[in-house]
Amino acid sequence: MKWSATGTRFTSHSGILQLMDDLGRALSGPDKKCMLGGGNPALIPEVAAIWRAQMRSLLEDQSRFDGVLGRYDTPQGRPTFLRAVAGMLNREYDWNLTEENIAVTNGSQSAFFILFNLLAGPDDRGMSRRVLFPLMPEYIGYRDQAIRPDDFVACEPGIEQIDEHTHKYHIDFDSLEAGPDIAAICVSRPTNPTGNVLTDEEIARLDEMAQARRIPLIIDNAYGAPFPDIIFADARPTWNENVVLSMSLSKIGLPSLRTGILVARPDIVRAVGAMNAIVSLANGAVGQALTERLFETGEILTMSRDIIRPFYRHRRDHALGCVRSSFGDRFPWSVHRPEGSLFLWIWFPRLPGTTTQLYERLKERDVIVVPGRYFSFGRSGTWDHTEECIRVNYAMNEHDVEHGIAVIAEEVARMWSTGCR
Ligand SMILES: Cc1ncc(COP(=O)(O)O)c(C=O)c1O
């Protein structure tokens, strides 16, 4: 097939495509895999019961049910849902939002595709602008989303070594510059893959920088407050007219319903609605209908605080305990302080070989993780640091996490003792 330049870019066998293929194949094979690789949230029984109750009540209300399934919504989202989301956020944070500040997308993944390509690239005077990611490593899902390969630029972090086995990344503001070629600044907070939560001060400085340049600060809040609230650090959610805050129903337990929510000023919301109309006419409505009452009553907040956050906190502590007891003093290791999201980001300083090789060795033993190199983009060349890191999802069952981490310890120890042969 003769693809366009854009078609070639999106269909070329990029590392991430190969990896996702690998993950899918590993899962569909005959042997049971220990899946610590993907971004799936946990299936929490109390939360699943809430979805079933909401679905039953939707089914019992015949005209509502028929309307949800049988009509296209406006490209911006269901008006009742937009009002419910704005109302909940106003009660929580006093942001003075109206439905004109909320846009729904088919998952937040597509919100980023829309935003990045609305903002980056050549403008009407031919000047090319890029999206700045101030803190690598960043979410793997952004890396192939730009229509032009040079539309992203990124910075390496400062690394604070908190103790022998714990570190934290900080934005290196001394090297960070948002010149006239920058169209927007984007961060995930909590960060996938590292579990980092940018401090309020870091967010305030980014906000100041973006306001000075009159460019949006995009904050990806897929794991943050007030829902799903998988955040264990003290951090204040931020919104103002210059911020685009992205949220999602996925990590609260509804990834298959593909519902992303953007909070932004009205001209950005209208632009996202216009792109939605072109790309997909309208959004899927089931996620919105299923959760609308939970936004109205505030139950979305209580279930996040009382069920979801404690669940993941427990899983995080369990995974950290497994790392400590399996790794011990066998080789050098350091975990990024896990302040949110559902991942441990583990660094093996001076590892003989790369974590891409470690990934292959683990796959042979039916343990799936994600090697660190895929979380670095927007820079030229490779970055040795990410070649020494892996991401481990700790949302799966505790037995698999314990087993998977024990196998990781064995393989890393073997790489050290054999010099990676
Ligand atoms: C940081 C981050 N942002 C966005 C997404 C996309 O999520 P969804 O499209 O399911 O809303 C993910 C999914 O893993 C994520 O980790």
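Residues numbered from 1 in each chain as written. Predicted model: local features only at pLDDT ≥ 70, side-chain atom pairs only at ≥ 80, totals over all residues.

1. Considerations on the overall build of the protein
Check the secondary structure of the protein and you find 12 helices and 16 strands. Radius of gyration (C-alpha) of the protein: 21 Å, near the 22 Å computed for a compact globule of 421 residues. Considering only C-alpha atoms, the protein reaches an extent of 65 × 55 × 50 Å along its principal axes. Classification of the 421 residues of the protein by burial places 45% in the buried group. Sequence-distant contacts in the protein: of pairs separated by 6 or more residues, those separated by 24 or more amount to 73%. (Helix = DSSP H or I, 4+ residues; strand = E, 2+ residues; numbered from the N terminus. Rg over C-alpha atoms; globule rule 2.2 N^0.38 Å. Buried ≥ 20, exposed ≤ 12 C-beta atoms within 10 Å, placed from the backbone. Contact = placed C-beta atoms within 7 Å.)

2. Thoughts on the site of the ligand
Near the ligand you find 14 residues, and of these G107, S108, Q109, S248 and S250 are the closest. Here the shell around the ligand is built from residues that sort into three nonpolar, 10 polar and one charged. (Near = placed C-beta within 6 Å. Nonpolar A, V, L, I, M, F, W, Y, C, P; charged D, E, K, R; others polar.)

3. Details of the packing of helix α11 (residues 355-364) against helix α12 (residues 398-418)
Two elements in contact, α11 and α12, have axes separated by 10 Å at closest approach and are oriented at 125°. Overall, the two elements α11 and α12 adopt an arrangement that is oblique. Judged by the twist between their axes, the crossing of α11 over α12 is right-handed. Contacts from L358, R361 and L362 in α11 reach V407, I408, E411, V412 and M415 in α12. The class makeup of the residues in the contact of α11 with α12 is six nonpolar, no polar and two charged. (Axes fitted to C-alpha atoms, helices over the stretch in contact; angles between N-to-C directions. Parallel < 35°, antiparallel > 145°, perpendicular 65-115°, else oblique. Left-handed = near helix turned anticlockwise from the far one by under 90°.)

4. Considerations on the environment of L36
Considering the arrangement of structural elements, one finds L36 in the loop between β1 (34-35) and α3 (45-60). Sequence-wise, L36 and F327 are 291 residues apart; in three dimensions their C-alpha atoms are separated by 17 Å. Residues in contact with L36, not counting those within four places in the same chain, are V367, I368, V369, V392, N393, M396, V401 and G404.

5. Some details on the sheet that holds strand β15 (residues 370-371)
What the six strands build is an open sheet, ordered β6-β7-β12-β13-β16-β15; its pairing is mixed. Lying at the two open borders of the sheet, with one neighbouring strand each, are β6 (158-163) and β15. (Pairing = 2+ DSSP bridges.)

6. Brief notes about the nonpolar core
The tendency in soluble globular proteins is for nonpolar side chains to be buried side by side. Formed by 112 residues in total, the largest nonpolar core has its most connected members in V85, V131 and I346. Top element by residues in this core is helix α10 (residues 299-327). It accounts for eight residues. (Core = buried A, V, L, I, M, F, W, Y, C linked by C-beta atoms within 7 Å.)

7. Some remarks on unusual backbone geometry
Here the residue pair N192 and P193 is connected by a cis peptide bond, since its omega of 25° sits within 30 degrees of zero. The residue D94 is not glycine, and still its phi comes out positive at about 60°. For D94, the position within the fold is in the loop between α5 (79-93) and β2 (102-105).

8. Things to note about the pairing of strand β16 (residues 389-393)
Most of β16 is tucked away, with five of its five residues classed as buried. Residues of β16 alternate between two faces, with C389, R391 and N393 on one and I390 and V392 on the opposite face, all of them buried. Across five bridges, the pairing between strand β13 (residues 343-347) and β16 is antiparallel. Bridging from a neighbouring strand, L344 pairs with V392 of β16. Note that β15 and β16 share two bridges and pair antiparallel. Bridge pairing in β16 places V370 opposite R391.

9. A word on the domain arrangement of the protein
Taken domain by domain, the protein comprises domain 1 (5-46 + 303-418) and domain 2 (73-297). Put simply, the middle of domain 1 and the middle of domain 2, counted by C-alpha atoms, are 24 Å apart. On the domain 2 side, the residues contacting the 38 residues of domain 1 number 42 residues. For the side of domain 1 that touches domain 2, the secondary structure elements donating two or more residues are α1 (5-11), α10, β12 (334-336) and β13. Among the elements that take part in the side of domain 1 that touches domain 2, α10 stands out by supplying six residues, more than any other. The residue inventory of the side of domain 1 that touches domain 2, partitioned by class, reads 17 nonpolar, 13 polar and eight charged. (Domains from an automatic or database assignment.)

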